[in-house]
Amino acid sequence: MTGEPPTRHIVVMGVSGAGKTTVARGIAASTGLTFAEADDFHSEANVARMRAGIPLDDDARWPWLQALADWMTARHREGVSTVLTCSALKRSYRDLLRQGPPGVFFVHLHGPTEVIRERMSVRTHEYMPPSLLDSQTATLEPLWPDEPGIVIDLRSTSAALVAEAVRRLGLPVREETPEVVTAEGPPPEASAR
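Bringing the packing of aromatic side chains into the picture now. Counted by the stated rule, this structure contains 2 aromatic pairs. With a centroid separation of 6.2 Å and an interplanar angle of 70°, the aromatic rings of Phe-41 and Trp-71 are classed as edge-to-face. Note that Phe-41 is positioned in the loop between strand 2 (34–37) and helix 2 (44–51) and Trp-71 in helix 3 (residues 58–77), a separation of 30 residues in sequence. Seen in terms of ring centroids, Trp-62 and Tyr-93 are 5.5 Å apart; in terms of plane orientation they differ by 85°. Their pairing is edge-to-face. You can see Trp-62 sitting in helix 3 and its partner Tyr-93 sitting in helix 4 (residues 91–98), a full 31 residues away along the chain.

The structure is reproduced here in structure tokens:
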């Protein structure tokens, strides 16, 4: 036993347009957790499918989810805590993510579909058209009572969402405001545990 604190792995989840990336980056900046964007783990085939407005099926999602679990597991072995964006729409998807490292915890950004649709209408995403929102909303299974996680109302400001997530997760806040450490960023030893 080394006495090192355990790692924590936060998955900011919800449908496209909920604000996952903004909140996850804010958590990373506030706490020093290493950030990763799940979209960066999609295969070219998945990206092409979504760009064409075709929802992903489970066969397309499993390898992507496994890659995310593997990434978190690798960071855990390095003693590095993480914050990751991932829609994690179904319980089965979240179960797969939790088969990665110990200490996986979900932050579900939840709110009215109309609010999310309005946000999506004023933003651009490389391959997630607003037309896929209905399929994501239909697929979404809210956190079950036995799943480790919290639900946050996405209608707050970004700063308020980040502050609430950090507070409710009990994460230590860094005094300085560092740049966000990403999966492609500085070596793991540069990020806080």
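Read from one edge to the other, the open sheet built from 5 strands follows the order 2-3-1-4-5, with strand pairing classed as parallel. Strands at the two margins of the open sheet, each flanked by one partner only, are strand 2 and strand 5 (149–153). Sheet twist, expressed as the average angle between the axes of neighbouring strands with direction ignored, equals 20°. Summarising the sheet, strand 1 (residues 9–13) and strand 4 (residues 104–110) pair through 5 bridges and their orientation is parallel.

Turning next to the confidence of the model for the protein chain. Of the residues in the protein chain, 81% have a pLDDT of 70 or more, and the chain-wide mean is 84. Here helix 5 (residues 113–121) is the element of the protein chain with the lowest mean pLDDT, 77, and strand 1 is the one with the highest, 98. Here residues 184–193 scores under 50 on pLDDT; set against residues more than four positions off or in separate chains, the count is 15 contacts.

Moving on, we come to the nonpolar core. By size, the foremost hydrophobic cluster in this structure holds 45 residues, and its most contacted members are Val-12, Ile-27, Val-83, Cys-86, Leu-97 and Val-107. Examining the composition of this core, we find that 6 residues originate from one element, helix 3, more than from any other. Those residues in contact with Ile-27 that sit more than four places away from it in its chain are Val-12, Gly-32, Val-83, Val-162, Ala-165, Val-166 and Leu-171.

Reading the values: the criteria
Residues numbered from 1 in each chain as written. Predicted model: local features only at pLDDT ≥ 70, side-chain atom pairs only at ≥ 80, totals over all residues. Heavy atoms only, no water. Phe/Tyr/Trp six-rings, centres within 6.5 Å; stacked < 30°, edge-to-face > 60°. Helix = DSSP H or I, 4+ residues; strand = E, 2+ residues; numbered from the N terminus. Pairing = 2+ DSSP bridges. Axes fitted to C-alpha atoms, helices over the stretch in contact; angles between N-to-C directions. pLDDT = per-residue confidence, 0-100. Contact = heavy atoms within 4.5 Å. Core = buried A, V, L, I, M, F, W, Y, C linked by side-chain atoms within 4.5 Å. Buried < 20%, exposed > 50% of the residue type's maximum accessible area, 1.4 Å probe, protein only.

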